[in-house]
Amino acid sequence: MIKISQSGETLEGLHGGRGSVDINRKLTKEDCVEGLDMFAEVTLPVGGSIGYHLHETDAEAYYIIKGEGIFLDDGKEEKPVRSGDLCLITQGQGHGLKNTGKIPLKIIAIVWS
């Protein structure tokens, strides 16, 4: 399967976060790839964030491509992240992400069940 890049969307206040988030979904549940719910390129502007949210029935990974920020790990710890870091959220955990850098924070987000 090869997916041709499609236009993304801009979401305001994702999960109660600050500002807008640009999401370009490369794969979704509708693509019927067993176990994979989403593969997306996500960009957070300077000062923007994805609010804390819980993954009750799935898991997610963030791979930081560019920039730096603060990852809220399971609502317990704020951890600095930067290009090359991998943030893993297992089923039953929660997380959030905030761009604290001077450039847009770009990540790959993968959600699976």
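Before reading on, note that the structure itself is shown above.
Bear in mind that the values here come from a model prediction, so they are computed numbers and not experimental data.

Participant: Give a detailed account of the overall build of the chain, specifying residues and quantitative values.
Facilitator: When you go through the chain residue by residue, the secondary structure sums to zero helices and ten strands. Ordered by position from N to C terminus, the α and β elements of the chain give β-β-β-β-β-β-β-β-β-β. Viewed in the frame of its principal axes, the chain has a C-alpha envelope of about 35 × 30 × 25 Å. When each of the 113 residues of the chain is scored for burial, the buried share is 39%. Excluding contacts between residues fewer than 6 apart, the proportion of contacts in the chain whose partners are at least 24 apart in sequence is 59%. Carbon together with sulfur atoms contributes 52% to the accessible area of the chain, which is approximately 6,500 Å² in total.

Participant: Summarise the nonpolar core; cite the residues concerned and give the values.
Facilitator: Within the largest apolar cluster, 19 residues are counted, with the highest numbers of intra-cluster contacts made by V21, V42, I50, Y62, F71, L97 and I107. The set of elements that each furnish at least two residues to this core consists of β2 (20-28), β3 (36-44), β5 (59-66), β8 (86-89) and β10 (105-112). Excluding residues within four positions of it along the chain, Y62 makes contact with I50, H53, F71, D85, L86, C87, H95, L97, I107, I108 and A109.

Participant: Give a description of the pairing of β3 that names residues and reports values.
Facilitator: Along β3, seven of the nine residues are buried, which leaves the element largely enclosed by surrounding structure. The sheet contact formed by β2 and β3 spans six bridges and is antiparallel. Note on β3: the bridge partner recorded for L27 is F39. Relative to β10, β3 runs antiparallel, the two sharing eight bridges. Looking at the pairing, V42 lines up with I107 of β10.

Participant: Please give an account of a nonpolar patch on the surface that cites residues and values.
Facilitator: Among the surface-exposed residues, Y63, I65 and L86 lie close enough to one another that they form a single nonpolar patch of about 300 Å² accessible area. Turning to its location among the elements, L86 is positioned in strand β8. By relative accessible area, which is 59% here, L86 ends up exposed.

Participant: How would you summarise the sheet that holds β3 if you had to cite specific residues and measurements?
Facilitator: The antiparallel open sheet is built from six strands, whose spatial order is β1-β2-β3-β10-β5-β8. Two strands bound the open sheet, and with one partner strand each, they are β1 (9-12) and β8. Going from strand to strand, the sheet's axes swing by 25 degrees on average, the running direction of each strand aside. Bridge analysis of β5 against β10 gives seven bridges, and the strand direction is antiparallel. Bridging across to β10, K66 finds its partner in K106.

Cut-offs applied
Residues numbered from 1 in each chain as written. Predicted model: local features only at pLDDT ≥ 70, side-chain atom pairs only at ≥ 80, totals over all residues. Heavy atoms only, no water. Helix = DSSP H or I, 4+ residues; strand = E, 2+ residues; numbered from the N terminus. Buried < 20%, exposed > 50% of the residue type's maximum accessible area, 1.4 Å probe, protein only. Contact = heavy atoms within 4.5 Å. Areas by Shrake-Rupley, 256 points an atom, 1.4 Å probe, with all protein chains shown as cover. Core = buried A, V, L, I, M, F, W, Y, C linked by side-chain atoms within 4.5 Å. Pairing = 2+ DSSP bridges. Patch = residues over 30% accessible without salt bridge, like charges linked within 9 Å, V, L, I, M, F, W, Y side chains within 5 Å. Salt bridge = Lys/Arg side-chain N within 4 Å of Asp/Glu carboxyl O. Axes fitted to C-alpha atoms, helices over the stretch in contact; angles between N-to-C directions.

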